[in-house]
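Structural characterization, general
For reference, the chains in residue letters:
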Amino acid sequence: MSRPADALQRLRRVHEEAVLDNLRTSGALSRAELMARTGLSRTTLFAIISDMIEQGAIVETRGPEAGPRGRGRPAAQVRLNPEAGQLIGLELARQQVRVAVANVSHQIVATDAMDLPRDGDLDAQAEIAVSLVRRVVRERGVRLSALEAIGLGIVGVVDDPDVPLGLVPARYSPIAARLEREFGVRVAVDNNARLAALAERTWGAARSVDNVVYVRWSVGVGGGYILGGRLVRGAHGAAGELGHVSLDPDGPPCHCGGRGCLEGRIGGPALLDACAARGVALPGLAELVTAAQDRVPEVCQVISAAAGDLGRVLADTVVQLDPERVVLGGELSVLGSLVLDPVRGAVASLSLPNSPRRIDVVPGDLGSSASALGAIALMLHEEPVIAEHLRPTVG
Ligand SMILES: [Zn+2]
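Within each chain, residue numbers correspond to sequence positions counted from 1 in written order. Whole-chain, interface and lining totals are the exception, using all residues; otherwise, since this is a predicted model, local features are given only for residues with pLDDT of at least 70 and side-chain atom pairs are given and counted only at 80 or more. Calculation of side-chain values draws on the structure's entire complement of heavy atoms; hydrogens and water are dropped beforehand.

Brief notes about the overall build of the protein chain
Defined as follows: Counting from the N terminus, the helices are DSSP H or I runs at least four residues long and the strands are E runs at least two residues long. Residue burial is assigned from relative accessible area. The probe radius is 1.4 Å, only protein chains are included, and a residue is buried under 20% of its type maximum, exposed over 50%, and partly exposed in between. For this analysis, residues touch if any pair of their heavy atoms sits within 4.5 Å.
Scanning the protein chain from N- to C-terminus turns up 13 helices and 13 strands. Burial status across the protein chain gives 51% buried among its 395 residues. Pairs at least 24 residues apart make up 62% of the contacts formed inside the protein chain by residues separated by at least 6 positions.

Structure follows, in structure tokens:
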């Protein structure tokens, strides 16, 4: 039988874990926010925080200015000790590998990117990923003395019947093995659009929003849902594949096996084809975005019509999921009202227009680093094995 003192100690430990968990998933929080989230009394919480600051597990910082227009005293916040661990996020996109480095207190230390060769195999991609990390460490003076884990975002459905979601599917195990060999930490993998959704929720346009539909509009069209504050993966890792919603069952075949998919109609190659058919030949997506910014009429018409198609699919999604916010990321999202207005119009007119609710449609904040940052967020939020390992020792 355990003594009452043991029981008290165990209870204290549970309270400490609750504080650490909240800081790990949310970054910096004020004492009032921690009280609301943990349900601990003021006395208990303040005593735990003082002890953990003394032990070096957490540190105190000044938050953003309180009050309207930054007036008032900045609120004191606490966060995990940034020295307690670093995380690397990588994204293997179609044409680039991108990296982000952050610490366990949610501070983004560096981001960078390198082009991938057009026909490089996975081994070549792994070498480029390794040299990109080495470059960011060298050029930005990043110390990886407490590197804990690497997250990797990839294109496509992360599904392997032999491997649990979030762990490495066989196809990517050579890259994961190379990274593990180089940096001596384990690697977790997830879909890049799903990870971008998680990053926007952690650092960006959907910060602290619990119900979010994220869509990434680029060469391909992907998406991710945050529901009840959690990233939704689905039974097979394919939740949020908005690009493969069919607009026309008799339409052209898609690489997913379906027909008439949204991606086939509004993905980068489809937009370039539509512009070429109107007499404006463009070599790639970057040039298409520039032409739209220069208000080339044919290009604007193509993109506006495509945004209308995207809006109709998103309106369906909004009817089904009832989010607070729709976040539009990817290269096309920089075009502002040209892409946002048709989406806003479709959501407003087709998603239960008579029901009194407010659904914001906003551009993503994190640009091309979103998925690499999401690979870090994965390890802060969603990867229980790694998250366990990340906890600073308190006691
Ligand atoms: Zn498809």
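Quick look at the pairing of strand E4 (residues 86-92)
Definition in use: When DSSP finds two or more bridges between two strands, those strands count as paired.
Along E4, seven of the seven residues are buried, which leaves the element largely enclosed by surrounding structure. Burial along E4 is two-sided: the face carrying Gln86, Ile88, Leu90 and Leu92 and the face carrying Leu87, Gly89 and Glu91 are both buried. Pairing between E4 and strand E5 (residues 96-103): seven bridges, direction antiparallel. Bridge pairing links isoleucine 88 to valine 101 in E5. The hairpin formed by E4 and E5 contains three residues between the paired strands. Where E4 lies against strand E7 (residues 147-154), seven bridges are found, and the strand directions are parallel. Counted as the bridge partner of leucine 92 is isoleucine 154 from E7.

Examining the packing of helix H4 (residues 122-139) against helix H5 (residues 173-183)
Between two packed helices, what matters for the description is the angle formed by their axes and the separation of those axes. Under the convention used in this document: Every axis in this analysis is a line fitted to C-alpha atoms, fitted for helices over the stretch in contact. Angles between the N-to-C directions lie between 0 and 180 degrees. Take the far helix as the reference: if the near one is turned anticlockwise from it by less than a right angle, the crossing is left-handed, and if turned clockwise, right-handed. When residues are grouped by polarity, Ala, Val, Leu, Ile, Met, Phe, Trp, Tyr, Cys and Pro land in nonpolar, Asp, Glu, Lys and Arg in charged, and all others, Gly among them, in polar.
One can describe the packing of H4 onto H5 by two numbers: an axis separation of 9 Å at closest approach and a directional angle of 30°. In this structure, H4 meets H5 at a crossing whose hand is right-handed. Of the residues in H5, those in contact with Leu122, Asp123, Gln125, Ala126, Glu127, Ala129, Val130, Val133 and Arg134 of H4 are Pro174, Ile175, Arg178, Leu179, Glu182 and Phe183. When its residues are assigned to classes, the contact of H4 with H5 shows nine nonpolar, one polar and five charged.

A closer look at the pattern of salt bridges
Where we set the bar: What makes a salt bridge here is a side-chain nitrogen of Lys or Arg within 4 Å of a carboxyl oxygen of Asp or Glu, nothing more.
Inspection of every chain in the model, using the stated rule, returns 20 salt bridges. The partner of glutamate 182 in a salt bridge is arginine 178, and the shortest N-O contact between them spans 3.2 Å. With glutamate 182 and arginine 178 both in helix H5 and four residues apart, the pair spans about one turn of that helix. Using a relative accessible area of 28% as the deciding quantity, one classes glutamate 182 as partly exposed. Taking the shortest distance from any N to any O, the salt bridge between arginine 265 and aspartate 309 comes out at 3.7 Å.

Some details on the sheet that holds strand E12 (residues 325-329)
Across a sheet, paired strands are connected by hydrogen bonds in the backbone, their directions being either parallel or antiparallel. Here five strands make up an open sheet; going across it, the order is E11-E10-E9-E12-E13 and the pairing mixed. Edge positions in the sheet fall to strand E11 (230-232) and strand E13 (360-363), since each has one partner strand and no second. Going from strand to strand, the sheet's axes swing by 25° on average, the running direction of each strand aside.

A word on the sheet that holds E7
In spatial order, the strands read E6-E5-E4-E7-E8; together these five strands make up an open sheet with mixed pairing. A single partner strand is all that each edge strand has here, and the edge strands are strand E6 (108-115) and strand E8 (186-191). In this sheet, neighbouring strand axes are inclined to one another by 20° on average, regardless of whether the strands run parallel or antiparallel.

Regarding helix H3 (residues 42-55)
What counts here: Helix span, as expected, comes to 1.5 Å for every residue beyond the first. Taken from the helix axis, the directions to the C-beta atoms give the arc we talk about.
The first and last C-alpha atoms of H3 sit 20 Å apart over 14 residues, in line with the 20 Å expected at 1.5 Å per residue. Residues of H3 that are buried include every one of Leu45, Ile48, Ile49 and Met52, and no others. One side of H3 carries all its buried residues, which in axial view fall inside an arc of 100°. Opposite the buried face of H3, at more than 90 degrees from it, the exposed residues are Thr43 and Glu54. Residues of H3 that are buried in the fold lie against helix H1 (4-26), helix H2 (31-38), strand E2 (58-62) and strand E3 (76-80). Looking one or two residues past H3, glycine 56 carries a phi angle of roughly 85°, positive in sign.

Regarding the coordination of the zinc ion
Cut-off, in case you're wondering: Sites may look incomplete because water is not among the atoms; the donors themselves are N, O and S atoms within 2.8 Å of the metal, or within 3.2 Å for Na, K and Ca.
Distances from the zinc ion to its protein donors, His244 (ND1), Cys254 (SG), Cys256 (SG) and Cys261 (SG), fall within 2.0 to 2.3 Å. Sequence positions of the donors to the zinc ion reduce to the motif H-x9-C-x1-C-x4-C. Overall, the relative accessible area of 43% leaves cysteine 256 in the partly exposed class.

A closer look at the pairing of E7
For E7, a buried count of eight out of eight residues is recorded, marking the element as mostly surrounded by other parts of the structure. Pairing analysis gives six bridges linking E7 to E8, with the strands arranged parallel. Bridge pairing in E8 places glycine 153 opposite aspartate 190.

It is worth stressing that arrangement in space is one thing and function is another; only the former is reported here.
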